[in-house]
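Structure at a glance
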Amino acid sequence: MKCPHSTERERKERPYDNDSPASNLASNRVSSHEIKSVFAEQRDYLYWTSLVITGDDAIAKQAMVNASDLSTSWSGVFRDWVIGWASHVTVRAAVRAVHDLISASAKCYAGSSPEASDNDVLYEVRSEVLSDDQIASLRRVDPRDIVAALDPLARSALVLRGIQHASIADCALLLDVPRQIVAAAYRHALRWNSERASADLMVRDDVWTNMTSNT
């Protein structure tokens, strides 16, 4: 005679039946090899982002390597999470690599807006992030042109606040710069981006892609 609880016990022993929700969740988890594949798939975007922040090809590439190496320790997480994490951790690595340059450029914004109070600046930029169309337009710009036009802090604020939609407070925490200074730098970046778009300085017929080899 079969024990009335055997079915329940068998389920506990086989929690990942092919049709079970647990099995579906498990199949969506990624290995460390797959995490590296995610970085490879997003290579152009991650390199663009890293280069905009660092302004240096070698540093940008190293930041990507550091971010990828750090992320492989997160094997077992979900693929969709890794895709977002790849961008986040690459930006953090890039910011860390040029922290001194960001701090130096922050000094240029101290007292740079005497006509507006700190609260006015914060209020002005708090709700102003780039739309999907604006981000797509900016992505067509060669990062070297952005580096030539904006200082490290403004570029970092443009990526963090404008593209990744981080709050001014979170930007300030990551960049280790006061909120008012971050807001002023972001406002400067927004002004440049608006003028760039109006003047149609972007590359019209081709999206910027990684122009370096994959080796």
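Cut-offs and rules
- Residues numbered from 1 in each chain as written.
- Predicted model: local features only at pLDDT ≥ 70, side-chain atom pairs only at ≥ 80, totals over all residues.
- Heavy atoms only, no water.
- pLDDT = per-residue confidence, 0-100.
- Contact = heavy atoms within 4.5 Å.
- Helix = DSSP H or I, 4+ residues; strand = E, 2+ residues; numbered from the N terminus.
- Buried < 20%, exposed > 50% of the residue type's maximum accessible area, 1.4 Å probe, protein only.
- Arc of directions from axis to C-beta.
- Expected span 1.5 Å × (residues − 1).

**Things to note about the confidence of the model for the chain**
Confidence in the prediction of the chain, expressed as mean pLDDT, is 75, and 62% of residues score 70 or more. Note that residues 1-27 has pLDDT below 50 and, in this model, 11 contacts with residues that lie over four places away or in other chains. Between residues 211-215, whose pLDDT stays under 50, and residues either more than four places distant or in other chains, the model counts 8 contacts.

**Concerning unusual backbone geometry**
The phi angle at H165 is positive, at roughly 60°, despite the residue not being glycine. Topologically, H165 is positioned in the loop between helix 11 (152-163) and helix 12 (168-175). The phi angle at D176 is positive, at roughly 60°, despite the residue not being glycine. In this fold, D176 is placed in the loop between helix 12 and helix 13 (179-198).

**What to know about helix 7 (residues 99-106)**
Among the residues of helix 7, I102, S105 and A106 are the ones counted as buried. The buried side chains of helix 7 occupy one side of the element, clustering within an arc of 110° when seen end-on.

**Concerning helix 4 (residues 43-54)**
With 12 residues, helix 4 extends 16 Å between its outermost C-alpha atoms, agreeing within 8% with the 16 Å of an ideal straight helix rising 1.5 Å per residue. Where burial is concerned, most of helix 4 is hidden: 9 out of the 12 residues are buried. Among the residues trailing helix 4, G55 stands out with phi positive, at a value near 75°.

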